[in-house]
Each structure stands twice: as structure tokens, then as C-alpha cells.
Amino acid sequence: MDTFELASLQVRQGNNEWPISFARARLFVIQNYGTFSWYIELDGMTQEELLQHFAGSLDIDISVEAVTVGGRELGGDAFFHPNPQMRAAALRGQGELKGYQ
């Protein structure tokens, strides 16, 4: 498993685009027995309205653009799973993570 600390993160859904404010964001990439998956854990989110938006929506598909602390640019499609009570979220990747290879 590879882990990356993120310096910045932006999500997009249709015509809406949000830069994400967070205290800590980590990207995890798992390659196991020929399978590939990735996810992002967000802690200390300050955008309560955004968390509530996704908590009340059935449409949680997003596109992600991230920059690691080391400057690597990564992106892909994911599902936004909010946790408003903890000011946190998990973004579960689906498919390719551009920039990882």
C-alpha cells in the first residue's frame, strides 16, 4: 500500500467545483493480487455546507483533482462519503487514478 499526504484537493460534480479545506488529507493506493483500489481520507473539513450537501444526496459521484505534498498531481472519479458529525469524509476511488503510474 502506498500512502500520500495531500497538499490540495478539489472535487467536481457536474458544473459545480469545490476546493476542499481540510486539516489532513491522505490518499491510499492498494494493489493486491492483481486488483487496484484507492481512497482518500479527509479530516478537519471546514465546509459544513458541502458535507451536508453530500449527506442529503443520492448523487455522490465526483471527479477528484489532488496534489500531494511532494507536488505529484493525481486525479480520478470517486464517490463522496461525508461524515458531517466528525467534520470528515472518505472519497472512494472508482477505476483509474491518473498520475499514479
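In case you missed it, the structure is sitting above this.
What counts, and where the lines are drawn
- Residues numbered from 1 in each chain as written.
- Predicted model: local features only at pLDDT ≥ 70, side-chain atom pairs only at ≥ 80, totals over all residues.
- Heavy atoms only, no water.
- Pairing = 2+ DSSP bridges.
- Helix = DSSP H or I, 4+ residues; strand = E, 2+ residues; numbered from the N terminus.
- Buried < 20%, exposed > 50% of the residue type's maximum accessible area, 1.4 Å probe, protein only.
- Contact = heavy atoms within 4.5 Å.
- Polar contact = N/O pair within 3.5 Å; in protein donor to acceptor, adjacent residues only side chain to side chain.
- Salt bridge = Lys/Arg side-chain N within 4 Å of Asp/Glu carboxyl O.
- Phe/Tyr/Trp six-rings, centres within 6.5 Å; stacked < 30°, edge-to-face > 60°.
- Lys NZ or Arg CZ within 6 Å of the ring centre and 35° of its normal.

A. A look at the pairing of strand β3 (residues 24–32). Judged from the four bridges that link them, strand β1 (residues 2–13) and β3 form a sheet pairing that is antiparallel. For E5, the partnering residue across the bridge sits in β3 and is R26. Where β3 hands over to strand β4 (residues 35–43), the hairpin turn is made up of two residues, of which Y33 adopts a positive phi near 50°.

B. Main features of the environment of V29. By the secondary structure assignment, V29 is in strand β3. By relative accessible area, V29 is classed as buried at 1%. Along the backbone, V29 and L97 are 68 residues apart, and their C-alpha atoms lie at a distance of 8.9 Å. Look past the residues within four positions of V29 in its chain and what remains in contact with it is M1, D2, F4, F36, S37, W38, L97 and Y100.

C. A look at the side chain of Q47. Positionally, Q47 belongs in the loop between β4 and α1 (48–55). Taking relative accessible area as the criterion, Q47 reaches 19% and is therefore assigned buried. Here P19 takes part through its backbone oxygen, which lies 2.7 Å from a polar atom of the side chain of Q47. Residues contacting Q47, with those up to four places away along its chain left out, are P19, I20 and S21.

D. Representation of the pattern of salt bridges within the structure. Counted under the stated rule, the structure contains four salt bridges. Put simply, E5 and R24 hold a salt bridge, and the shortest N to O gap is 2.8 Å. Here E5, found in strand β1, pairs with R24, found in strand β3; they are 19 residues apart in sequence, far enough to count as distant. Overall, R24 belongs to the partly exposed group, its relative accessible area being 38%. Between E41 and R26 there is a salt bridge, with its nearest N and O atoms 3.1 Å apart.

E. The arrangement of the packing of aromatic side chains in detail. Following the criterion strictly, the structure yields five aromatic pairs and no others. Here W18 and F54 contribute two aromatic rings whose centre-to-centre distance is 5.7 Å and whose plane-to-plane angle is 75°, an arrangement assigned as edge-to-face. Of this pair, W18 sits in strand β2 (residues 16–19) while F54 is found in helix α1, placing the two residues 36 residues apart along the sequence. Taken individually, W18 and F54 each receive the classification buried, so the pair is uniform in this respect. Ring geometry for F28 against Y39: centres 4.9 Å apart, planes inclined by 20°, an arrangement best described as stacked. Here Y39 lies in strand β4 and F28 lies in strand β3, a separation of eleven residues in the sequence. Per residue, the accessibility class of F28 equals that of Y39, and both read buried. Connected via pairs of aromatic rings, a cluster forms that spans F4, F36 and Y100. Taking NZ or CZ as reference, R92 lies 4.9 Å from the ring centre of Y39, over its face.

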